[in-house]
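# Structural overview for review
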Amino acid sequence: MTGHHHHEHPAYTDPARFWDERYGQRDRIWSGRVNPVLAEVAGTLTPGTVLDLGSGEGGDAVWLASKGWRVTAVDISSVALDRLAVEAERAGVADRITTVRHDLTQGFPPGRYDLVSAQFFQSPLVLPREKVLPPAAEAVAPGGRLLVVEHGAPPPWAGPDTGHHRFAEPEEILAAMNLDPDGWDTERLGAARRTATGPDGQTGELIDHVVLVRRR
Ligand SMILES: C[S@@+](CC[C@H](N)C(=O)[O-])C[C@H]1O[C@@H](n2cnc3c(N)ncnc32)[C@H](O)[C@@H]1O
């Protein structure tokens, strides 16, 4: 195993190229299924408008649209967004999904949303949370919510080269949002465990770090 540090990663200088190349390696890199914590949270809410940050291939966006949400899906990768649009057509929900290409460290889509969701937006590249999460909170409408889910630990089937990655605590994610304490309620802050299937069909437990806040 050679040493591997984020600052040596070529993608650090050009994340759009990194992600387009990563998506370009295979027809599909994610499962296409909705992320479980998002399904749990959104499942209790009345469908409204949702901003999906780092939407990837659209597993969440298509699920949300099929539940009646109007989705704005943002990603840095046009390869991912093209794939998402195909999935949306196939699922018959294309009319409820708008895709926008953005590097969210450089700019942010306008508007206010009932739900802003960031699911595993961080990995494998580290994004500056203090740069992306305050505008994500800004984009929440009064009475709306911001849900951020990150990996809390490497998966049990990960090799030793993931050891360099530091997983943020939920409190750290919350702090990076820089919320006015008088304007927000914290509805969830902690770890969630789930069982998942690894690349070779093995079963293991994954830990998600979850932050859910609601604007008053
Ligand atoms: C680990 S994937 C997660 C995708 C999806 N949310 C999911 O859970 O399957 C992270 C996504 O964030 C996108 N992304 C990374 N950096 C970004 C940035 N600066 N601006 C917008 N999207 C970005 C990547 O292209 C990728 O689709």
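Structural data are supplied above this passage.
My aim in this report is to walk through the structure given alongside it, one point at a time.

Here is what the cut-offs are and how they apply
Residues numbered from 1 in each chain as written. Predicted model: local features only at pLDDT ≥ 70, side-chain atom pairs only at ≥ 80, totals over all residues. Heavy atoms only, no water. Helix = DSSP H or I, 4+ residues; strand = E, 2+ residues; numbered from the N terminus. Polar contact = N/O pair within 3.5 Å; in protein donor to acceptor, adjacent residues only side chain to side chain. Contact = heavy atoms within 4.5 Å. Core = buried A, V, L, I, M, F, W, Y, C linked by side-chain atoms within 4.5 Å. Buried < 20%, exposed > 50% of the residue type's maximum accessible area, 1.4 Å probe, protein only. Axes fitted to C-alpha atoms, helices over the stretch in contact; angles between N-to-C directions. Parallel < 35°, antiparallel > 145°, perpendicular 65-115°, else oblique. Nonpolar A, V, L, I, M, F, W, Y, C, P; charged D, E, K, R; others polar. Salt bridge = Lys/Arg side-chain N within 4 Å of Asp/Glu carboxyl O. Pairing = 2+ DSSP bridges. Right-handed = clockwise from strand over helix to strand, strands pointing away.

Here glutamate 87 is to be found in helix α4 (residues 78-91). Side-chain polar atoms of glutamate 87 contact the side chain of arginine 28, separated by 3.4 Å. Of note is the side chain of glutamate 87, whose polar atom sits 3.2 Å from the side chain of arginine 90. If we ignore the near neighbours within four places in the chain, the residues touching glutamate 87 are Arg28, Glu57 and Val62.

For the rest of this paragraph, the subject is the environment of proline 15. Structurally, the position occupied by proline 15 is in helix α1 (residues 15-24). Between the alpha carbons of proline 15 and aspartate 103 there is a distance of 8.4 Å; along the sequence they are 88 residues apart. Contact partners of proline 15, with chain neighbours within four places excluded, come to Ile76, Asp103 and Leu125.

Counting residues in hydrophobic clusters, the biggest one holds 26 residues, and the most contacted among them are Leu64, Trp69, Val71, Ile97 and Leu147. Breaking this core down by element, the ones donating at least two residues are α2 (36-43), α3 (59-66), β2 (70-75), α4, β5 (140-151) and β7 (203-215). Apart from the residues lying within four places of it in its own chain, the contact partners of tryptophan 69 are Ala42, Leu45, Thr46, Pro47, Gly48, Thr49, Val50, Leu64, Arg96, Asp114 and Leu115. Core analysis: the second largest hydrophobic core is formed by 24 residues, Val116, Leu133, Leu146 and Ala176 among them.

Look at helix α5 (residues 129-138) against helix α6 (residues 170-177): their axes get within 7 Å of each other, and the N-to-C directions meet at 65°. Between α5 and α6, the interaxial angle falls into the category roughly perpendicular. Only Ile173, Ala176 and Met177 of α6 make contact with α5, whose side of the interface consists of Arg129, Glu130, Leu133 and Pro134. Split by residue class, the contact of α5 with α6 holds five nonpolar, no polar and two charged.

Under the definition given, this model contains 12 salt bridges. For the salt bridge of glutamate 87 with arginine 90, the shortest nitrogen-to-oxygen distance reads 3.2 Å. Of this pair, glutamate 87 and arginine 90 both sit in helix α4, three residues apart, roughly one helical turn. A relative accessible area of 63% places arginine 90 in the exposed class. For arginine 145, the salt bridge is made with glutamate 187, and the minimal N-O distance between the two is 2.7 Å. Taken together, the residues arginine 145 in strand β5 and glutamate 187 in strand β6 (residues 184-197) connect sequence positions 42 residues apart. According to the relative accessible area criterion, arginine 145 is buried, its value standing at 17%.

We now examine the pairing of strand β1 (residues 49-53). Of all five residues in β1, four are buried; the element is thus mostly enclosed. Inspection of the sheet shows β1 paired to β2 by five bridges, in the parallel sense. Each bridged residue has a counterpart across the sheet, and for leucine 53 the counterpart in β2 is valine 74. As for the winding sense of the linkage, the β-α-β connection from β1 through α3 to β2 is right-handed.

With that settled, consider the pairing of β5. Counting buried positions along β5 yields nine of 12 residues, so the element is predominantly enclosed. The sheet contact formed by strand β4 (residues 113-119) and β5 spans six bridges and is parallel. The residue bridging tyrosine 113 from the neighbouring strand is valine 140, located in β5. Across seven bridges, the pairing between β5 and β7 is antiparallel. For leucine 147, the partnering residue across the bridge sits in β7 and is leucine 212.

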